[in-house]
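# Working through the structure, step by step
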Amino acid sequence: MPESPESIVQKKKRILKIFKRLDKTYPGAHCALDHSNPLELLVATILSAQCTDKRVNLVTPALFASFKTAADYAAAKPGKIETLIRSTGFYQSKARHIREAARDIAEKYAGEVPKSIEQLIQLRGVGRKTANVVLGNAFGIPGMPVDTHMIRINGLLKLTKSKDPVEIEKNLTALLTPEYWTNYSHLIITHGRQRCIARRPDCGHCEISDLCPSRKIPAC
Ligand code: SF4
């Protein structure tokens, strides 16, 4: 680890090493939200706010069986979406976001989820994180979703000084070329779940501890 302030070039080299190490550690890292099309992924990502992907995956089969198109969601009977997604928490606002985004998709995009970040974030109820998840995982267009793991771990790695997701996305996308963006996010999220766990990071066994300025190796 460099001791004096790290240059951008050094930071770019370090993040690439982090990517490659984590890619070896978690070769199957992927989006854990079950989906079979862009609309399903958009809905699942809205549901995943403040909720585990596992819980979302328990809820979505019945939801996706009831609502197949954006127009279906837009025309949902009051309370129907809420009932199906209740266990994911914040279900009233999530149902509203799903309905509003679906209405926009049905009215402005003929029922097709748009494929650009600019259009996606214009949909009511859709923020940059959701938009980037959909771009990267449903369309194969590079996107860098920033969730709580990404905020915390990139801070520990001193790859960003910001706590703001939009700023963090900007910092990281300047360090990595687009082909790495989506997978970098998957890898960091997986690392946050399996090794660098909030409040009890396992630095002693961490695969990237030599690349992390925040490592705390317990005394023997
Ligand atoms: S060394 Fe510790 S703080 Fe750094 S990434 Fe690994 S587990 Fe997290």
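Residues numbered from 1 in each chain as written. Predicted model: local features only at pLDDT ≥ 70, side-chain atom pairs only at ≥ 80, totals over all residues.

Looking only at helices and strands, the protein chain features eleven helices and two strands. The linear arrangement of helices and strands in the protein chain, starting from the amino end, is α-α-α-α-α-α-α-α-α-α-α-β-β. Its C-alpha atoms give the protein chain a radius of gyration of 19 Å, within 12% of the compact-globule value 17 Å for 220 residues. Taken along its principal axes, the extent of the C-alpha atoms in the protein chain is 60 × 35 × 25 Å. Sequence-distant contacts, at least 24 apart, represent 58% of the contacts inside the protein chain between residues at least 6 apart. (Helix = DSSP H or I, 4+ residues; strand = E, 2+ residues; numbered from the N terminus. Rg over C-alpha atoms; globule rule 2.2 N^0.38 Å. Contact = placed C-beta atoms within 7 Å.)

Listed as buried for helix α9 (residues 148-156) are Met150, Ile153 and Asn154. Buried positions in α9, seen along its axis, are confined to an arc of 100° and lie on one side of it. Where the residues of α9 are buried, they touch α10 (165-175), α11 (178-194) and β1 (196-197). Directly after α9, the chain includes Lys158, whose backbone phi takes a positive value near 55°. (Buried ≥ 20, exposed ≤ 12 C-beta atoms within 10 Å, placed from the backbone. Arc of directions from axis to C-beta.)

The first and last C-alpha atoms of helix α1 (residues 8-25) sit 25 Å apart over 18 residues, in line with the 26 Å expected at 1.5 Å per residue. All buried positions along α1 are accounted for by Arg14, Ile18 and Leu22. Taken end-on, α1 shows its buried residues confined to a sector of 65°, consistent with a single buried face. Exposed side of α1, more than 90 degrees from the buried face: Val9 and Lys24 are the residues found there. At its buried positions, α1 is contacted by α11. (Expected span 1.5 Å × (residues − 1).)

Next up on the list: the environment of Tyr180. Here Tyr180 shows up in helix α11. Its 20 C-beta neighbours within 10 Å are what place Tyr180 among the buried residues. A C-alpha to C-alpha distance of 9.0 Å links Tyr180 and Gly143, two positions 37 residues apart in sequence.

Okay, unusual backbone geometry next. With a phi close to 50°, Ala110 is a non-glycine residue in the positive phi region. Position of Ala110 among the secondary structure elements: in the loop between α6 (91-108) and α7 (117-120). Even without being a glycine, Arg199 presents a positive backbone phi close to 70°. Turning to its location among the elements, Arg199 is positioned in the loop between β1 and β2 (200-201).

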